[in-house]
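# Overview (structure and organization)
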Amino acid sequence: MNTEILSFENVTFTYNTEDETMRPAVENVTFSIESGEWIALVGHNGSGKSTMAKLMNGLLFPNEGKVKVFGHTMSEETLWDIRSQMGMVFQNPDNQFVGATVQDDVAFALENNGVPHAQMVERVHVALSQVKMEDYKDHEPHHLSGGQKQRVAIAGALAMRPKLLILDEATSMLDPQGRMEVIETIRRLRESTGLTVISITHDLEEAALAERIIVMNRGQKHVEGTPAAVFNEGSELTEMGLDLPFAMRMTHLLQEAGVALQEEHMTEDKLVDELWKYYSRA
Amino acid sequence: MEILLKGVGYSYAEDTPFEKRALTDVNLHIPSGSYTAIIGHTGSGKSTVLQHLNALLKPTEGVVMIGDRKIEAGVKAKDLRNVRRQVGIVFQFPEQQLFDETVLKDIMFGPLNFGVPEKEAERRARELVVQLGLPDGVLEKSPFDLSGGQMRRVAIAGVLAMEPEVLVLDEPTAGLDPRGRREIMDLFHELHITKNLTTVLVTHSMEDAARYADRVAIMHKGHCMVTGEPKAIFSNEEQLQDYSLQPPRSVRLQRDFEERTGLKLGEISLTEEVLAKNIALAMAEGSRSL
Amino acid sequence: MMEKMIFGRFIPGDSVVHRMDPRAKILFVFLFIAIVFVANNAWGYAILLGFTLLVVFLSKIRLYFLINGLKPVFILLIFTFFLHLFFTREGDLLFSFGFIEIYEEGLRQGIFISIRFLVLVFMTSVLTLTTSPISITDGIEVLLGPFKKIKLPVHELALMMSISLRFIPTLMDETGKILKAQMARGSDIGSGPMKERVKAVVPLLIPLFVSAFKRAEDLATAMEVRGYRGGEGRTRYRQLNWQLADTLSLVLLAGLTAVLWYFRA
Ligand SMILES: Nc1ncnc2c1ncn2[C@@H]1O[C@H](COP(=O)(O)OP(=O)(O)OP(=O)(O)O)[C@@H](O)[C@H]1O
Ligand SMILES: Nc1ncnc2c1ncn2[C@@H]1O[C@H](COP(=O)(O)OP(=O)(O)OP(=O)(O)O)[C@@H](O)[C@H]1O
Ligand SMILES: [Mg+2]
Ligand SMILES: [Mg+2]
């Protein structure tokens, strides 16, 4: 079922069109995302990633070009309908908690969309169990760890049964364990529900897990492709302020040190595999 | 300058229903000129320890020695200015402390508070802006017109401008892109060496701790469990696991490599560069001896 | 200092008082405030004090914490006490020393006013300490429901209140953090002459405003993304549940009024 779920067609956006000196935050960007994909959106600080996220859910409208979601062009008319089918999680866990307790917060979008009470209780319960936070339903947000808060935010998005989930650096303020919790949660959700995920991140290890990566550079789309293809660019990415996953950096360092590895490796396992083969051949 | 924590305990909101114990019997020695990394699971008390290092928090039990200044539980501490000047802290998300009209004034805020003459404060600001790789003309701008990464650098300059002898860093690179991270960590390391600083770094990145520090302390549930050299700390995987931590990636890769090939690299490799060199060496020797 | 203050905060728990319907609790406190003024002699005030302590006991909040946490309020209380003590000049002269003269009526007034103040503060604190902010807002929203007819934006007001309450702990933490960051840069709030102190507040206030605005903006975005467009067509997750205990509490209050009335001079 290869159906398009979201697309940008030559989208340009400038924050202040009056100011002549202002560069567009997003410039002539085109791409398309299919239902069920996991996309990582990466790029240096200020490259336009968050602006793109805001264009995706109608917090901003393009100056030029078209944003299409679920087959509809984003506009004032289609906006609320589109929003009710997509969830979004932001960077700062403290600034997106609306409810006073975990369950109130998860119910917020349901309340807004007029879901009847009985159904609401059931959906809140399901969403919280999807992120494994049922035991915390009466907790107040400021007593949760960062990773737990972000999981609650994900539950809040899931309660609406969205087709698309957008994460804007949802893991960047978390410690390694909180980060793992969130990534694991997303992975599980995708397996069980086939959710489409767009994840904005600075963590290249996280990006390597995605099916496709879109790289932004100074407001423009630099490349897109599978992690293997994108990371093959090597030095070009590092020049843009990005990095390579650990296994690839190691591969390059080993090659420089005279170990003639044949392949680029995305994971440590594969790298050790080839090292072992290389060694036993020698 | 040397800092010593002896039997330090600390509770937030002492004597209320919200009382929260954050530290218990912490003993930590930070030798002069060392680069100490404090690692630990979230909530283990790292930031609380940091704030004792320049008397922003006063221990509710025990003693903190900052140079020859003694801060003791239950004893009123007067005039902490000198301590604060000697020990500079870069907090997490330090850009939140910017407030002045221009970058220049904001950087000069610290030094002027400590009685540094205006001229000298300005000289330091100008020098630091260059050192931190900020663009020309940034000094006259409002700090609120800068990008996130630039604001972070200005805030760091504001602390460095006080010319502290001890530099305390609480996850200084959170939220930056990979290059920003690397540049700022490298800069701190360079300053540590050229200015002969004592540096204390709180980080969740085992890779940074392994790369830059010469001492590592592990915090766990409000206790300081162990301190030691990075090589010793990071080669003890079981111990790290007990405190919900993992060794740095290079150490994990070395372990997998050794298990798989049966080769031994000798000492553990704290950085990827060293690991690559060691693997290349071992493979060359291994194949020769076959 | 700030962190020790318990006025307006919530301590989760499981007492009879905690379990009551917020509407009942709000009504109870409002009625109580009115009833306090029925007492006008020693008997009346003694009964009020006893009643209040009973409620505190039922709420399972430790009296020690209540007293400790309300210290700043007590300073106000002592001030009012002395104000009455020194400036009421009726009844017999009890004591005089230079220009200080203390009259019987002054002492009486001082004590009565203090008790009145005390029971009011205790009662409202018990309300906020045992009721989560969201419940209080829910209660208020429902109680004010009838005013929607006259176009009072009840839902918006309630939401505003609940969000402000929800951000109080975050903003308190934030204030602490910024204060410490500036102290680490040598700023010295809380010492020196007044002019210096005022100047020292600027580095605290500006970052605080900037961050509060940033948070507000983020929150507004998060709300909009989750489909919030005002009270119209919304359903409620929280259902209030009026039980026997709630009715009984109001009956108890009526009983108190009767007793106070009986003992009234
Ligand atoms: N509200 C705004 N008003 C004016 N300019 C803005 C605004 N928000 C962002 N910009 C500018 O638009 C550009 C793109 O910003 P954006 O936030 O989309 O970047 P980003 O890729 O999300 O960066 P980061 O990795 O730091 O989150 C930047 O140059 C930024 O300064
Ligand atoms: N202002 C405060 N009031 C009450 N409790 C606090 C406060 N600050 C921290 N704590 C508590 O003290 C303990 C130690 O917190 P601290 O911030 O020192 O941990 P940390 O190791 O720095 O964690 P992280 O890695 O998440 O930054 C935690 O349980 C925390 O909840
Ligand atoms: Mg962004
Ligand atoms: Mg911390």
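Residues numbered from 1 in each chain as written. Chains lettered and ligands numbered in written order. Predicted model: local features only at pLDDT ≥ 70, side-chain atom pairs only at ≥ 80, totals over all residues. Heavy atoms only, no water.

### A few points about the overall build of chain B
We apply this condition: Where helices and strands are cited, they refer to DSSP runs of H or I of at least four residues and of E of at least two residues respectively, numbered from the N terminus. Exposure is judged per residue with a 1.4 Å probe applied to protein chains only, and the accessible area is read against the type maximum: over 50% gives exposed, under 20% gives buried, and values in between give partly exposed. Two residues qualify as a contact provided that any one of their heavy atoms is within 4.5 Å of a heavy atom in the partner residue. To measure how exposed things are, a 1.4 Å probe is used in the Shrake-Rupley method; for residues, cover is taken only from the protein chains shown. For the charge count, each Lys or Arg is scored as positive and each Asp or Glu as negative, with His and the chain ends excluded. Note that the charge is assigned to NZ on lysines, CZ on arginines, CG on aspartates and CD on glutamates.
Within chain B one finds eleven helices and ten strands. Seen through its principal axes, chain B has C-alpha atoms that stretch 70 × 50 × 35 Å. Counting only residues that meet the buried cut, chain B has 57% of its 290 residues in that class. Looking at chain B alone, contacts between residues at least 24 apart form 61% of all its contacts between residues at least 6 apart. With the model as given, the accessible surface of chain B reaches about 12100 Å², and the carbon-plus-sulfur share is 46%. Looking at chain B, you have 35 positive and 42 negative side-chain charges, and the mean spots of the two groups are 1 Å apart.

### Here's the deal with the packing of helix H2 (residues 22-36) of chain C against helix H7 (residues 133-143) of chain C
All names here are of chain C. Let me state the cut-off plainly: To get an axis, fit a line to the C-alpha atoms, keeping to the stretch in contact for a helix; angles then go from 0 to 180 degrees between the N-to-C directions. Roughly parallel means an angle under 35 degrees; roughly antiparallel means over 145; roughly perpendicular covers 65 to 115; every other angle is labelled oblique.
One can describe the packing of H2 onto H7 by two numbers: an axis separation of 8 Å at closest approach and a directional angle of 75 degrees. Considering the angle they form, H2 stands roughly perpendicular to H7. Residue-level contacts link Pro22, Arg23, Ile26 and Leu27 of H2 to Ser135, Ile136, Gly139, Ile140, Val142 and Leu143 of H7.

### Overview of the interface of chain A and chain B
The condition is simple: Two parts lose some accessible area (1.4 Å probe) when they are put together, and adding that loss for both gives the buried area. Each reported salt bridge corresponds to a side-chain nitrogen of Lys or Arg within 4 Å of a carboxyl oxygen of Asp or Glu.
Listed as interface residues are 32 residues of chain A and, on the opposing side, 28 residues of chain B. Overall, the association of chain A and chain B removes approximately 2800 Å² of surface from exposure, summing both partners, and the carbon and sulfur fraction of that is 66%. The largest contributions to the chain A side of the interface with chain B come from Phe246, Val272 and Tyr279 of chain A, which together make up 22% of the buried area. Linking chain A with chain B are four salt bridges. Among the ionic pairs, Asp273 of chain A bridges to Arg260 of chain B, the shortest N-O distance being 2.3 Å.

### A look at the site of ligand 2
Residue and element names in this part refer to chain B. Inclusion rule: Nearness here has a simple test: a residue counts as near a molecule or strand if at least one of its heavy atoms is within 4 Å of that partner. A 3.5 Å cut-off defines polar contacts: any pair of N or O atoms within that distance qualifies, except that in protein one atom must be a possible hydrogen donor and the other a possible acceptor, and neighbouring residues in sequence count only when both atoms are side-chain atoms. Throughout this entry, Asp, Glu, Lys and Arg are counted as charged residues, while Ala, Val, Leu, Ile, Met, Phe, Trp, Tyr, Cys and Pro are counted as nonpolar. The remaining residues, Gly among them, count as polar.
Taken together, 13 residues are adjacent to ligand 2, and Lys20, Gly43, Lys46, Ser47 and Thr48 come closest. Gly45 is positioned with one of its backbone polar atoms (N or O) 3.0 Å from an oxygen atom of ligand 2. Here an oxygen atom of ligand 2 sits 2.7 Å away from a polar atom, N or O, in the side chain of Lys46. Burial of ligand 2 by the protein amounts to 68% of the accessible area it has alone, namely 640 Å². The greatest single-element share of the shell around ligand 2, amounting to three residues, is contributed by helix H1 (residues 46-52). Among the residues forming the shell around ligand 2, the class breakdown is two nonpolar, eight polar and three charged.

### Some details on the domain arrangement of chain A
Our working rule: For the purposes of this description, domain bounds are those given by an automatic or database domain assignment.
Parsing chain A into structural domains produces domain 1 (1-85 + 163-232), domain 2 (101-161) and domain 3 (245-282). One C-alpha centre belongs to domain 2 of chain A, the other to domain 3 of chain A; they are set 44 Å apart.

### Quick notes on the confidence of the model for chain B
Here is the rule: pLDDT: the predictor's confidence for each residue, scored from 0 to 100.
When pLDDT is averaged along chain B, the result is 92; 99% of the residues meet or exceed 70. On the interface metric, ipTM, the complex scores 0.87, and its pTM is 0.84.

### Some points on unusual backbone geometry
Residue and element names in this part refer to chain B. Even without glycine at this site, Asn196 takes up a positive phi of about 55 degrees. When you line up the elements, Asn196 lands in the loop between helix H6 (178-194) and strand E8 (198-202). Despite not being glycine, Lys221 shows a phi value in the positive range, around 45 degrees. With respect to the helices, strands and loops of the structure, Lys221 is situated in the loop between strand E9 (215-220) and strand E10 (223-228).

### Things to note about the sheet that holds strand E4 (residues 64-69) of chain A
Two strands in a sheet stick together by hydrogen bonds in their backbones, pointing the same way (parallel) or opposite ways (antiparallel). Residues and elements named next belong to chain A. Stated formally: Pairing between strands is defined by DSSP: at least two bridges between them are needed.
Taking strand neighbours across the sheet as the criterion, the four strands line up as E2-E1-E4-E5 in an open arrangement whose pairing is antiparallel. Whereas interior strands pair on both sides, the edge strands pair on one side only; in this sheet they are strand E2 (26-34) and strand E5 (72-73). Across the sheet, helix H1 (residues 49-56) touches strand E1 (4-13), E2 and E4, and the angle it forms with E1 is around 120 degrees.

### Considerations on the side chain of Arg152 of chain B
Topologically, Arg152 of chain B is positioned in helix H5 (residues 148-160). One polar contact links Arg152 of chain B to Glu95 of chain B, side chain to side chain, over a distance of 2.7 Å.

### What about the interface of chain C and chain A?
The interface of chain C with chain A comprises 28 residues on the first partner and 37 residues on the second. For chain C, the biggest contributors to the area lost against chain A are Val225, Arg226 and Tyr237 of chain C; these three give 30% of the whole. At the boundary of chain C with chain A, the tally comes to four salt bridges. At the surface where chain C touches chain A, the tally comes to 15 residue pairs in polar contact (both at pLDDT 80 or more). Contributing elements (two or more residues each) for the side of chain C that touches chain A: helix H8 (154-184) and helix H9 (194-225) of chain C. Per-element tally for the side of chain C that touches chain A: the top contributor is H9 of chain C, with nine residues. A class-by-class count of the residues in the side of chain C that touches chain A yields twelve nonpolar, six polar and ten charged.

### A short note on the site of ligand 1
All names here are of chain A. Taken together, 13 residues sit near ligand 1, with Gly46, Gly48, Lys49, Ser50 and Thr51 positioned nearest. Within the backbone of Gly48, one N or O atom sits 2.9 Å away from an oxygen atom of ligand 1. One of the side-chain nitrogen or oxygen atoms of Glu169 is found 3.0 Å away from an oxygen atom of ligand 1. Relative to its unbound accessible area of 630 Å², ligand 1 is 59% covered by the protein chains. Per-class residue counts for the shell around ligand 1 are three nonpolar, eight polar and two charged.

### As for the sheet that holds strand E5 (residues 69-72) of chain B
Residues and elements named next belong to chain B. With respect to topology, four strands assemble into an open sheet ordered E2-E1-E4-E5, the strand pairing being antiparallel. In this open sheet, the two edge strands, each paired with only one partner strand, are strand E2 (20-30) and E5. Each neighbouring strand pair of the sheet contributes to a mean axis angle of 20 degrees, computed without reference to strand direction.

### Considering the packing of H5 of chain B against H6 of chain B
Residues and elements named next belong to chain B. Packing of H5 against H6 leaves a shortest axis separation of 12 Å and a crossing angle of 10 degrees. Put simply, H5 runs roughly parallel to H6. Between H5 and H6, the residues in contact are Arg152, Arg153, Ile156 and Leu160 and Gly180, Glu183, Ile184, Phe188 and Leu191, respectively. Class assignment of the residues belonging to the contact of H5 with H6 gives a composition of five nonpolar, one polar and three charged.

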